[in-house]
Every structure is written in structure tokens, then in C-alpha cells.
Amino acid sequence: SSMVLFEIPDIRLFWSQDERFLSQFQEGKITKFKPFSKYPPCYKDMSFWLPEQFEENDIFAMVRDEAGDLVEGVELIDQFTHPKTNRESRCYRINYRSMERSLTNEEVDDIQLRVREKVANYGAELR
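Keep in mind the model is a prediction, meaning the values are calculated, not measured.

Analysis parameters
- Residues numbered from 1 in each chain as written.
- Predicted model: local features only at pLDDT ≥ 70, side-chain atom pairs only at ≥ 80, totals over all residues.
- Heavy atoms only, no water.
- Helix = DSSP H or I, 4+ residues; strand = E, 2+ residues; numbered from the N terminus.
- Buried < 20%, exposed > 50% of the residue type's maximum accessible area, 1.4 Å probe, protein only.
- Contact = heavy atoms within 4.5 Å.
- Pairing = 2+ DSSP bridges.
- Axes fitted to C-alpha atoms, helices over the stretch in contact; angles between N-to-C directions.
- Core = buried A, V, L, I, M, F, W, Y, C linked by side-chain atoms within 4.5 Å.
- Phe/Tyr/Trp six-rings, centres within 6.5 Å; stacked < 30°, edge-to-face > 60°.
- Salt bridge = Lys/Arg side-chain N within 4 Å of Asp/Glu carboxyl O.

## Structural notes on the environment of Ile59
- As for its position among the elements, Ile59 is in helix H3 (residues 56-67).
- With a relative accessible area of 0%, Ile59 lands in the buried category.
- The spatial distance from the C-alpha of Ile59 to the C-alpha of Tyr92 is 9.2 Å, given a sequence separation of 33 residues.
- Residues contacting Ile59, with those up to four places away along its chain left out, are Met46, Phe48, Phe54, Tyr92, Val119 and Tyr122.

What follows is the structure, given as C-alpha cells:
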């Protein structure tokens with residue numbers, strides 16, 4: 001059966017029209033299903049000027065270090081280069097979401113503050 005094949009934990013997901021669920025399956029490919037949370041997401045944007053040595057994966061790692069399982073995704077939503085200084089600015093959107101419960105604004109703000117401190121220590125200039 002498909003359930004066994006894809007390791008889907010809940011039969012109700014088969015009737016789901018949820019994009020997060022449907023986007024995980026590509027025609028003719030067997031992929032393991034990653035469960036998603038039924039709790040609401042909380043998005044936080046973070047803009048900064050890039051430091052000299054910049055690796056995007058470093059940003060992802062810093063967010064994971066501080067947020068752990070409470071981060072669902074980090075996405076680059078904007079970037080531009082200053083015409084005079086040639087410095088590059090980027091804006092990342094962090095999607096916080098728990099599998100177990102609704103997150104409070106306070107705890108998300110607290111994590112975001114720690115993420116921002118980490119990014120600043122990395123040499124990025126927060127905007």
C-alpha cells in the first residue's frame with residue numbers, strides 16, 4: 001500500500017489538500033514523508049549586510065543552533081547590492097513552528113534575539 005511505501009503516519013493525510021503535504025510527493029518517486037505541524041507558523045525577518053567571508057549555510061546553522069526543532073525553514077526573500085559601497089544586503093525569513101504546541105510571541109522573540117546576536121557576532125551588520 002502507499003502508506004507502507006511512503007511511511008505516512010496518518011491515513012487522513014491521504015485526503016489532504018495541504019500544499020506542504022502534497023509538495024513532498026513527486027510523480028514516480030518514493031520519498032519519505034516528513035510530518036508537518038498543525039500549529040500556526042510564526043515568521044520573523046532578519047536583514048543584514050554581509051560580512052567579508054559569508055557562507056549561507058552558516059546562517060542556517062546559527063538558526064538551528066538557537067531554535068533547534070522549533071525552526072521549520074529559513075528562506076532568502078530579498079537581496080540587493082549597494083551601488084556605491086558594493087556591499088550586499090540580504091533578508092532571510094525564518095519560519096518558527098512547533099510540532100507539539102502553539103509558540104508564544106515571547107519565546108519566538110527570545111529565540112530571534114539570540115539568532116540576531118549570533119549573526120552579529122559572525123560579523124554581519126544587522127539592519
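That covers the picture; the talk isn't over yet.
## Describing the sheet that holds strand S2 (residues 71-81)
- Spatial ordering of the open sheet is given by S2-S3-S1-S4, a layout of 4 strands whose pairing is antiparallel. Each having just a single partner strand, S2 and strand S4 (125-126) make up the two edges of the open sheet.
- Sheet analysis places strand S1 (residues 42-49) next to S4, joined by 2 bridges and oriented antiparallel. Each residue of the ladder has a partner; that of Phe48, found in S4, is Leu126.
- Contacting S1, strand S3 (88-96) and S4, helix H4 (residues 105-121) crosses the sheet at an angle of about 20 degrees to S1.

## What to know about the nonpolar core
- Membership of the largest hydrophobic core comes to 20 residues, with the highest contact counts inside it found for Met46, Phe48, Ile59, Ile94, Tyr96, Val115 and Val119.
- Of all the elements in the fold, those that place two or more residues in this core are S1, H3, S3 and H4.
- Setting aside residues no more than four positions away along its own chain, Met46 makes contact with Ile59, Arg90, Cys91, Tyr92, Ile94, Gln112, Val115, Arg116, Val119 and Leu126.

## A look at the packing of aromatic side chains
- With the rule as written, the count across this model stands at 5 aromatic pairs.
- Ring centres 6.2 Å apart and planes at 55 degrees place the aromatic pair Phe48 and Phe54 in the tilted group.

## Brief notes about the pairing of S3
- For S3, the buried fraction is high: 7 of the 9 residues fall into the buried class.
- Here S1 pairs with S3 via 8 bridges, running antiparallel. By the bridge assignment for S3, Ser47 is matched with Cys91.
- In terms of strand pairing, S2 meets S3 through 9 bridges, oriented antiparallel.

## Notes on the pattern of salt bridges
- Taken as a whole and assessed by the stated rule, the structure comprises 11 salt bridges.
- Across the pair Arg114 and Asp110 runs a salt bridge, and its minimum N-O distance is 2.8 Å. Of this pair, Arg114 and Asp110 both sit in helix H4, 4 residues apart, roughly one helical turn.
- The class for Asp110 is partly exposed, based on a relative accessible area of 40%.

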